[in-house]
Amino acid sequence: MHTAPAVNPEIKAEIHRVFALQQHHQWEVARSNARQRIAKLRRLYDAILHHRKEIEAAMWADLRKSPTEVNITELGVVLHEIRHTSQHLQSWMTPKRVGTSLTLFRSYSEIVYEPKGLCLILSPWNFPINLTFDPLVSAIAAGNCVILKPSELAPHSSAVMRQIVTECFPPGEVSIFEGDATVAQELLSMPFNHVFFTGSTQVGKIVMRAAAEHLASVTLELGGKSPVVVDETANLDTAAAKIMWIKLVNAGQTCIAPDYVLVHESVHDALLEKMKAKVKQFYGNTPAAIQQGPDLCRIINGRHFTRVKGLLDDAVQRGANLVLGGETAENEQYIAPAILTAVPEEAQIWEEEIFGPLLPIRKYDTLEHAISYINSKPKALAMYLFSADDRRVSKIIAETRAGGVTVNDCGPHFYNSELPFGGSNNSGTGKCHGEFGFLEFTNQRGVLYQARWMPTTDFFLPPYGGKLRQWLLEGVVKWF
Ligand code: NAD
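Calculation criteria
- Residues numbered from 1 in each chain as written.
- Predicted model: local features only at pLDDT ≥ 70, side-chain atom pairs only at ≥ 80, totals over all residues.
- Heavy atoms only, no water.
- Pairing = 2+ DSSP bridges.
- Helix = DSSP H or I, 4+ residues; strand = E, 2+ residues; numbered from the N terminus.
- Axes fitted to C-alpha atoms, helices over the stretch in contact; angles between N-to-C directions.
- Domains from an automatic or database assignment.
- Buried area = accessible area lost by both parts, 1.4 Å probe.
- Salt bridge = Lys/Arg side-chain N within 4 Å of Asp/Glu carboxyl O.
- Polar contact = N/O pair within 3.5 Å; in protein donor to acceptor, adjacent residues only side chain to side chain.
- Nonpolar A, V, L, I, M, F, W, Y, C, P; charged D, E, K, R; others polar.
- Buried < 20%, exposed > 50% of the residue type's maximum accessible area, 1.4 Å probe, protein only.
- Patch = residues over 30% accessible without salt bridge, like charges linked within 9 Å, V, L, I, M, F, W, Y side chains within 5 Å.
- Areas by Shrake-Rupley, 256 points an atom, 1.4 Å probe, with all protein chains shown as cover.
- Phe/Tyr/Trp six-rings, centres within 6.5 Å; stacked < 30°, edge-to-face > 60°.

### A look at the pairing of strand 2 (residues 108-115)
Consideration 1: Here strand 1 (residues 96-98) runs beside strand 2; their pairing, made up of three bridges, is antiparallel. When the sheet's bridge partners are listed, Arg97 is paired in strand 2 with Glu110.
Consideration 2: Inspection of the sheet shows strand 2 paired to strand 18 (residues 442-449) by eight bridges, in the antiparallel sense. When the bridges of strand 18 are listed, Pro115 appears paired with Thr442.

### Quick word on the sheet that holds strand 9 (residues 258-264)
Consideration 1: Ordered in space as 10-13-14-9-8-15-16, the seven strands form an open sheet in which the pairing is mixed. The two strands at the open ends of the sheet, each matched to only one other strand, are strand 10 (321-324) and strand 16 (402-407). If you compare each strand with its neighbour and ignore which way they point, the axes differ by 25° on average.
Consideration 2: Note that strand 8 (residues 226-230) and strand 15 (residues 380-386) share three bridges and pair parallel.

### Let's talk about the domain arrangement of the protein
Consideration 1: Assigned domains within the protein: domain 1 (9-222 + 432-443) and domain 2 (227-422).
Consideration 2: If you average the C-alpha positions of domain 1 and of domain 2, the two centres end up 30 Å apart.
Consideration 3: For the pairing of domain 1 and domain 2, the buried interface totals around 2200 Å² over both sides, and the portion due to carbon and sulfur atoms is 57%.
Consideration 4: Contact with domain 2 buries area across many residues of domain 1, yet Arg64, Trp125 and His433 alone supply 27% of it, more than any other trio.
Consideration 5: Seen at the junction of domain 1 and domain 2, the total is zero salt bridges.
Consideration 6: At the junction of domain 1 with domain 2, the criterion picks out 10 residue pairs in polar contact (both at pLDDT 80 or more).
Consideration 7: Put simply, the parts of the chain that give the side of domain 1 that touches domain 2 at least two residues each are helix 3 (52-63), helix 4 (67-93) and helix 16 (434-440).
Consideration 8: With eight residues, helix 4 is the largest single contributor of residues to the side of domain 1 that touches domain 2.
Consideration 9: Grouping the constituent residues of the side of domain 1 that touches domain 2 by class yields 10 nonpolar, nine polar and seven charged.

### Some points on the pattern of salt bridges
For side chains of opposite charge, pairing can occur when their charged atoms come near one another.
Consideration 1: Scanning the entire structure with this criterion turns up 24 salt bridges.
Consideration 2: Here Asp259 and Lys225 are joined by a salt bridge, their closest N and O atoms 2.3 Å apart. A residue pair is termed long-range when its members are at least 10 positions apart, and Asp259 in strand 9 and Lys225 in the loop between strand 7 (217-221) and strand 8 qualify at 34 residues.
Consideration 3: Between Arg392 and Asp389 there is a salt bridge whose closest N-O contact spans 3.3 Å.
Consideration 4: One network of salt bridges, with partners in common, ties together Asp231, Glu232, Asp389 and Arg392.

### A short note on unusual backbone geometry
Consideration 1: Here Pro462 and Pro463 are connected by a cis peptide whose omega angle stands at 0°.
Consideration 2: You can see Pro463 is positioned in the loop between strand 18 and helix 17 (467-479).
Consideration 3: Unusually for a residue other than glycine, Asn250 sits at a positive phi of about 60°.
Consideration 4: Within the element layout of this structure, Asn250 appears in the loop between helix 9 (236-248) and strand 9.
Consideration 5: Exposure remark for Asn250: the relative accessible area of 0% places this residue in the buried category.
Consideration 6: For Gln333, which is not a glycine, the phi torsion comes out positive at approximately 50°.
Consideration 7: Along the chain, Gln333 turns up in the loop between strand 11 (328-329) and strand 12 (334-335).

### Looking at a nonpolar patch on the surface
Consideration 1: Nonpolar side chains collect at one region of the surface, where Phe460, Leu468, Trp471, Leu472, Leu473 and Val477 lie side by side and expose about 630 Å² of accessible area between them.
Consideration 2: Tracing the sequence through the fold places Trp471 in helix 17.
Consideration 3: Overall, Trp471 belongs to the exposed group, its relative accessible area being 61%.

### Brief notes about the packing of aromatic side chains
Consideration 1: Under the criterion given, the structure shown has 12 aromatic pairs.
Consideration 2: Where Tyr260 meets Tyr373, the ring centres are 5.5 Å apart and the plane angle is 90°; that geometry is what we call edge-to-face. You can see Tyr260 sitting in strand 9 and its partner Tyr373 sitting in helix 13 (residues 367-375), a full 113 residues away along the chain.
Consideration 3: Under the relative-accessibility criterion, Tyr373 is labelled buried at 11%.
Consideration 4: Seen from their ring centres, Phe414 and Tyr415 are 5.4 Å apart, and the 80° between their planes marks the pair as edge-to-face.
Consideration 5: The class of Phe414 is buried, set by a relative accessible area of 9%.

Have a look at this one:
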């Protein structure tokens, strides 16, 4: 765990200045109506499109990410979130009348959606644009002031984001600080009302502890070991294609990437052959073609390259079968897509989130064994089930725990703005996307309006004695 040294004094002074500015400005931002907030989102939308080519170039420089992947997994997601939010914001913001119990018959109640105030968004490097701007959309929609701190490990992407944010918003409304953990820790020392963190479970704990100092509410979007189950009734062509695509997007550096596959023993060999064929079809027929092709990202930096290669070497040294790939080139932080079988139980790859292009496959005999294996791990962020048997699918969903599930595909539950996205315990707390994201940055204030025409009654005020009162109270407690 990295305990950060002190932040540069100039950045510290700037953080304090911007924070004070936002504190002062927050009431004006909070008063904005849906039309004004949608106009802000529109500015962001237009600026993203305006800087589209620079974003693509930045992501190539940071991750060697193909422009197509940038459009599918970064820009498309944020632009859709803006459109969806703009379409529904008026209705999300409108106070909702709710019923009242009979004992409160003379009153009426509503839920009012007030902004939390000042929000901090700390984001990771793996999908820098998506995971910085997506929560920003929800925070703006909810009427907050926001400070963003993207990851220092994707500096080209964060430089473009800085340009976009500076063009779109005054610093008293939305501001961005680039930098490492020292900057993040200085920001975390400030009394934000809400902290939205996307990143590792390890740093998530640091963030939650820091937020506790100010009793700031937190959203933690973390990672974990997301399983895939392929049973004997599954369409293996679909399963192989979907699993290998989502596994290898961003070279496996994806929070919802499958971490391991549990496959029924009767279809293990057939699935394996199809998965190997898919890798070749997607990225090239030979190791050289895969490495030279334009579509596979690189590992973000030397530290992560060494960590992922270490997981691969450890598994192989302990006797795992490397059935495909695994070639590496340290000078360009390249690791070829690798499929492993018969990985011994004590291998490190079963213990930590892989976050790279390695995929271990395990056979299972009964569904109960597959379920108990999944439940022996901390709660996953995502789970994927391939089966033609609805009863089995329902059984797995009912008897396991995970942040979200896609059945007979991999990943689309992330893209549906009508679904809450997030983890559970080890894989996170709180939800994002669509109305769930709006609510995450909102205090749902309960307001009860007592009828002005009601005479004040002291019937239930002390002194409490009196038979009639006790008799009535009996009824009130039991029946209303
Ligand atoms: P990370 O936790 O190392 O960094 C995330 C952010 O925290 C960065 O902005 C970083 O500067 C900051 N940070 C790092 N150390 C810190 C410290 N000591 N104190 C305060 N802030 C600190 O994560 P990462 O490597 O950038 O991202 C990879 C992880 O994120 C994976 O575990 C992945 O599963 C997870 N992730 C989750 C989601 C999701 O939606 N649930 C999405 C993407 C990534």
